[in-house]
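Working through the structure, step by step
Chain by chain, the residues run as shown.
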Amino acid sequence: MEGLLRNTGLISILLVVLYSIKKLYDVADMRKAGVQGCYENKDIYKAARKFAQGAPEDEVREILSGSYELDGRQIGQTMLLALASRQDRDGGYAAFLKAVNQVLGEDRYYV
């Protein structure tokens, strides 16, 4: 019985150590990704708010041009995809973010 309790304790300690190591690697990966710019860009959300408030297309394009993620062609594609939804209840906010995700090819921005 004593051997069983000792082995269970050792396995528990080992699992806690392994879990801690995994968490440390996760934090290191998140920091590295943050330095590389893999997270959301606040300019995209700002442009989506302006778009939903009915700002002119040129103003939204200007905000998007400051984004490091989108080039001129991608900005044009985003605007084409989002303009059809400008009459939605939310002013096209959700559709704008979906258009950005579609142009980028990954779901990075959420409503």
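Quick caveat: nothing in here was measured; it's all calculated off a predicted structure.

1. Some words on the nonpolar core
If you look at the biggest cluster of nonpolar residues, it comprises 20 residues, and the most contacted ones within it are Ile44, Val60, Leu64, Met79, Phe96 and Leu97. Elements with a minimum of two residues in this core: helix H2 (42-52), helix H3 (57-65), helix H4 (72-83) and helix H5 (93-104). If you tally residues by element for this core, the top one is H5, at six residues. Once residues within four sequence positions are removed from consideration, Leu97 is found in contact with Ile44, Tyr45, Ala48, Tyr109, Tyr110 and Val111.

2. Some words on H4
With 12 residues, H4 ought to run about 16 Å at 1.5 Å a step, and its terminal C-alpha atoms sit 16 Å apart, in line with that. Taken as a whole, H4 has its buried residues at Gln74, Ile75, Gly76, Thr78, Met79 and Ala82. Check the buried side of H4 and you find it contacts H2, H3 and H5.

The rules behind these values
Residues numbered from 1 in each chain as written. Predicted model: local features only at pLDDT ≥ 70, side-chain atom pairs only at ≥ 80, totals over all residues. Heavy atoms only, no water. Core = buried A, V, L, I, M, F, W, Y, C linked by side-chain atoms within 4.5 Å. Buried < 20%, exposed > 50% of the residue type's maximum accessible area, 1.4 Å probe, protein only. Helix = DSSP H or I, 4+ residues; strand = E, 2+ residues; numbered from the N terminus. Contact = heavy atoms within 4.5 Å. Expected span 1.5 Å × (residues − 1).

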